[in-house]
Number of protein chains: 2
Amino acid sequence: MTAHVELAVESQARTAKEASRQLASMEARDRILGLRMMASELLRNQAAILEANRLDVDESLEAGLPQPLVKRLLLTPEKISIMAEGLLEIAELPEVVGEVIETIRRPNGLVIRKIRVPFGVVGIIYESRPNVTSDAAGLCIKSANAVILRGGKEAFRSNRAIVEALRAGLRKARVNPECIQLVADHDRSAALKMMTMRDTIDLLIPRGGPALIKSVVENAKVPVIETGVGNCHVYVDKSADLDKAEAIVVNAKCSNPAVCNAAETLLVHREIAPAFLPKVKRLLEAAGVQLRGCPATLRILPDIEKATEADWETEYLDLILAVKIVNSLEEAIDHINTYGTKHSEAIITEDPRAANLFQTFVDAACVYVNASTRFTDGYEFGFGAEIGISTQKLHARGPMGIRELTTYKYLVDGTGQVRH
Amino acid sequence: MTAHVELAVESQARTAKEASRQLASMEARDRILGLRMMASELLRNQAAILEANRLDVDESLEAGLPQPLVKRLLLTPEKISIMAEGLLEIAELPEVVGEVIETIRRPNGLVIRKIRVPFGVVGIIYESRPNVTSDAAGLCIKSANAVILRGGKEAFRSNRAIVEALRAGLRKARVNPECIQLVADHDRSAALKMMTMRDTIDLLIPRGGPALIKSVVENAKVPVIETGVGNCHVYVDKSADLDKAEAIVVNAKCSNPAVCNAAETLLVHREIAPAFLPKVKRLLEAAGVQLRGCPATLRILPDIEKATEADWETEYLDLILAVKIVNSLEEAIDHINTYGTKHSEAIITEDPRAANLFQTFVDAACVYVNASTRFTDGYEFGFGAEIGISTQKLHARGPMGIRELTTYKYLVDGTGQVRH
C-alpha cells in the first residue's frame, strides 16, 4: 500500500513539474482565462460537488467527528459561490510573473536582470476545509505554479469533485489540467513522501492546526514555509488611550476567536491596570470571554481564574484571554519575545517613543501600533487573497499573496564576456 | 560528552540571540566601526593566528589529510591581510537594515510599512577554510545579525584565534562581542544540535562540499539555504559565434575548475559540432582538460574517453569536461533541467529567439547568454561580497550578499482601527 501510494505521488509530482514548465511560459491572459473557466466549472458542477460533500459529511458524522470539524467540512451552494467568486477575484489581480525586479549593468558590459518567476511545483498539505482546494489552486495558477494538493482524508470526495471541476475549467481554457494534482491517499505516507521530493516539489506549505504544521516543519526535506500558529498579544502601555485600548482588545479577542490573528494574551502596564482592567473586563465578559490572570491581575480582578505558565504559551483559539500586568514596556517586549509565535503583536500607546521601541524590539511578522492584530490578512493588507500567513523569516513573513508564491532568477546577457 | 556539547551550543545560541537584539537596534555607524576594529584586530593578532594555524596544519599533516585540504587550511600573512581588507570592504557597503521596502496605505487609514530587518541569529556550518570565519562574521555584523560559527575540526585552533581577534575588535568598538560565537565541539553533535534549534537560530547556511550540504539539508529543522553545488552547463547553439563559444567554454571550464560556477558539461548542437568540437578540443587539451564524450561526440573525436550516465550527473570540480551532442535547443534544455543543480547555465547563440527560450525554460539561479558561468559571484554581480550561492528557490537564488541576509517585518500604524 505505502509503496504504491508513494509511486503514485511521485508520478503526480513529475507530471505537475512538466505541466509547470508550460504554465511558466504561458501568457498572463491564458492563465486568467483558466481561472475564469475554473470558476464557471465550479458553479456548473455544483450538484456533483454537493453530492460528494454529502457523502463526506455523512461518513464524518457516522465516525463521530467533532461538530466544529464537520461544520468546516460542510459545503453549501453559498460556499461554492464564494469559492467561484474568489477565483474570479484572483484572476483580476495584477500580474506578478515576469516582473523585472532589478536591472544591474556591470562595468564589463554584462546586463543582469533579476526577474520574478514561479517556484514551479507548490505542494499544499491541509486539513478539512474544502475551500482551501479551490483557493490554493487559484493562487498557484495565477502565479504560474503547478500545485499538488493533499487535503484531509475526511474531505477527499469533496476535494476530488472540486479538483475535477477546476481541471475541466483549465481544459476549456486550453491550459494543461495536469497543473492541478490531488493526492489520492488515505494514509500519511503520501504526505511524508511529498516532504522528501526535493527534485520535483519546490515549496511546501502546510495549512492547518499546530500538529500538522509541526509535523511538516520537522519532517520536510523540501523547503517549507511555516504558517499560521498565532499566540498574539495586545500590550496596553501606561500612555494608552483607554477607549482605543478597550475597543482594540475586544476586537482582537472576540471578532473571530478561532483564527490565528486573534489575541490570546493581554499585557497591561501596572500604572494603568487599576483603571483599565475592571472596565475591559465588563466588556469582555459580556462577549463571553473567560479571563485568566497573573497574581497582580487577581489583586485587581479577584473573581477571575488564575493563569499558569501554560496560559502564556497557549493559542486558545477560543473565548479565553490570559491577562498579565507588567512593570514596564521592556517587560512586555520580553514576554512577547519569549512566548509569542512571531505572528502579530500590538501596542496601544500615545507615546511615539514607546511605539518605536515596541516596533523595533518585538520580533514578529506584523507589529501594530494602535490597531487590532486581526488585520494580519492578505485581503486587509491589499494583497487580494492569501495562501497563508508565514511565521518564519525565510522568504516571506506575514500574509502571503501571489507575489510571495514567486521566486526570481537572474538573466545575464553578454557579448562574449569571460572572467579574468 | 554529547549532552555537554549540546548544552554548550544551546547556551551560545541563546547568548547570540540576546546580543542580536542589541545589534539590530544599533546605528549603522556603530556596526561599521565594529567591522573596522575587527579588521585592525585581525592584523594586530596576526602572529597568534599564524601560530594557531601552524598547530592545525601540523596536526593535519600528521593525520595524513589530503594535500588540497591542507592547502585550504594554511594561512599566510597575505591571506590574513586579504581577510582584513575584506572586512573593510564589507564595512563600506551601502546599508541595508531599516530600508523601507514598501509603504501601503489602506482605505481604513492604516499605514503598513514593510521594512528590512536582520534575521537575528545566523548559523554557518562550514569546512576547512579559516577565511570563511572572518568573511561570514563580517557579512553578518554588517547585516546586523549575530552569528554562530561551526567550522571544521581541523581548523579549530585557527578559527578560535580569528574569532578572538574579531571579538576583541567588537569590544573596542563597544559592540557586544557575543554577536560572534564559535562552536567549540569536536564531534558532529554540535552541528546536529544547531540544525534543530528553531527557537534561537533563524537561518542556517551550510558552506562546503556536497556531503556537508546534503547532511544539513536533510537533517535541519531550522530554515536552511542550500548553497554551492554546481553542475553547470555551456550549450553551444547552432547559431553560435564559434570564437565566442570557444573563449567562453575554455573560461568556464579552466579559469578555476575547483569552484561551483565552473562548467562540467558542454552541450553542442549537432549542426555545428563537426566545426566546433575539434577546434575547442585543441584548446581544452592544451589547458590540461580531459574530455569524455557521448557516442555522437566520439564519432567526431574518436580518441577521447566515453562518457557514462554518471558523467552527466557529476560535479567534477576538476579538469574534466563531459561533452554531449544534442539534436535541438529543446534537448539541451531538457538535459540541463534533468541533470543540472539550478546554479548557472549558459547558451552561446546569435539567435535572440533561442536565447529567450533558453532563459525562459532553463530552471536555474543564473541563466547566461554569451557569457561565462564563472560570473556567478557576489563580487561580479556588484553585491560587494557573498555569504554563498543559493541553489534553492526559497528566499534567495544565486549569489547572496548582505541584502539576502535580511528578512522584513510589517510595521502597521493605526489610530484605533478595529476589524469589522
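Only a predicted model underlies this, so the values are computations on that prediction, with no experimental measurement involved. (Residues numbered from 1 in each chain as written. Chains lettered and ligands numbered in written order. Predicted model: local features only at pLDDT ≥ 70, side-chain atom pairs only at ≥ 80, totals over all residues.)

All names here are of chain A. Overall, parallel pairing links the four strands, which are arranged E5-E4-E3-E6 in an open sheet. This sheet does not close on itself; its edge strands, each paired only once, are strand E5 (180-182) and strand E6 (203-207). Here the average twist between neighbouring strands, direction ignored, is 20°. With three bridges connecting them, strand E4 (residues 146-150) and E5 associate as parallel partners. Bridge assignment links leucine 149 to a residue of E5, and that residue is leucine 182. Lying on the sheet, helix H1 (residues 2-24) is in contact with strand E3 (121-126), E4 and E5; it crosses E4 at an angle near 150°. Across the face of the sheet, helix H6 (residues 131-142) comes into contact with E3, E4, E5 and E6 while running at roughly 160° to E4. (Pairing = 2+ DSSP bridges. Helix = DSSP H or I, 4+ residues; strand = E, 2+ residues; numbered from the N terminus. Axes fitted to C-alpha atoms, helices over the stretch in contact; angles between N-to-C directions. Contact = placed C-beta atoms within 7 Å.)

Right, let's get into the sheet that holds strand E6 (residues 203-207) of chain B. Residue and element names in this part refer to chain B. Here four strands make up an open sheet; going across it, the order is E5-E4-E3-E6 and the pairing parallel. The two strands at the open ends of the sheet, each matched to only one other strand, are strand E5 (180-182) and E6. The mean angle between the axes of side-by-side strands here comes to 20°, regardless of whether they run parallel or antiparallel. On top of the sheet, helix H1 (residues 2-24) reaches strand E3 (121-126), strand E4 (146-150) and E5; it is set at about 150° to E4, its chief contact. Strands in contact with helix H7 (residues 156-172) are E4 and E5; relative to E5, the strand with the most contacts, it is inclined by about 160°.

Here we take up the domain arrangement of chain A. Residue and element names in this part refer to chain A. Examined at the domain level, chain A breaks down into domain 1 (2-226 + 396-413) and domain 2 (232-379). Each of domain 1 and domain 2 was reduced to a C-alpha centroid, and the two centroids are 35 Å apart. Residues belonging to the side of domain 1 that touches domain 2 are distributed by class as follows: one nonpolar, two polar and one charged. (Domains from an automatic or database assignment. Nonpolar A, V, L, I, M, F, W, Y, C, P; charged D, E, K, R; others polar.)

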